[in-house]
Amino acid sequence: MLAVEFKTQIETHAIDHATERLIRRYAGRHDAETVRAAVRLVSERYATAEVHAFVPVLVERDVRRLLDTDAER
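Residues numbered from 1 in each chain as written. Predicted model: local features only at pLDDT ≥ 70, side-chain atom pairs only at ≥ 80, totals over all residues. Heavy atoms only, no water.

1. Looking at the pattern of salt bridges
Rule in force here: Basic side-chain nitrogens of Lys or Arg form a salt bridge, by our definition, when they fall within 4 Å of a carboxyl oxygen of Asp or Glu. Buried residues are those whose accessible area, probed at 1.4 Å on protein chains only, stays under 20% of the maximum for their type, while exposed residues exceed 50% and partly exposed ones sit between those limits.
Taken as a whole and judged by the stated rule, the model has five salt bridges. The residue aspartate 62 makes a salt bridge to arginine 61 at a minimum N-O spacing of 3.0 Å. Residue classification places aspartate 62 among the buried residues on the basis of a relative accessible area of 12%. Residue class for arginine 61 comes out partly exposed when judged on its relative accessible area of 30%. One salt-bridge network, in which partners are shared between bridges, spans Arg21, Glu60 and Arg64.

Put into C-alpha cells, the structure is as follows:
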C-alpha cells in the first residue's frame, strides 16, 4: 500500500508542476483558475487508468490542446 501512496504523491506532484507551467504558458490568454479547472477536468479522464506513469504528461498535453482550441474560437 505504501508504494501506491508514493506513486500517487509523485503523480500529484508532477501534475502540480505541469499546472504551474500551464499557468505561465497561458498567462494573458486564460486566467489561472481556468487552467486549474482544465487540469482537474482532464485529470478525471485518467483516474481509472491502469498505468499512471505517463498521466502527468498526458494531462499536460490534453490541457494544452483544450486551451489552444478555446483560444482559437
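2. Quick look at the side chain of threonine 19
Basically, it comes down to this: Going along the chain from the N terminus, every DSSP run of H or I of four or more residues is numbered as a helix, and every run of E of two or more is numbered as a strand. Contact criterion: two residues are considered in contact whenever any of their non-hydrogen atoms come within 4.5 Å of each other.
You can see threonine 19 is positioned in helix H1 (residues 2–25). Taking relative accessible area as the criterion, threonine 19 reaches 9% and is therefore assigned buried. Ignoring anything within four residues of it in the chain, the contact list for threonine 19 reads Val35, Arg36 and Val39.

3. What to know about the environment of valine 39
Counting through the fold element by element, valine 39 comes out in helix H2 (residues 32–45). For the pair valine 39 and glutamate 60, spaced 21 residues apart in sequence, the C-alpha to C-alpha distance is 7.5 Å.

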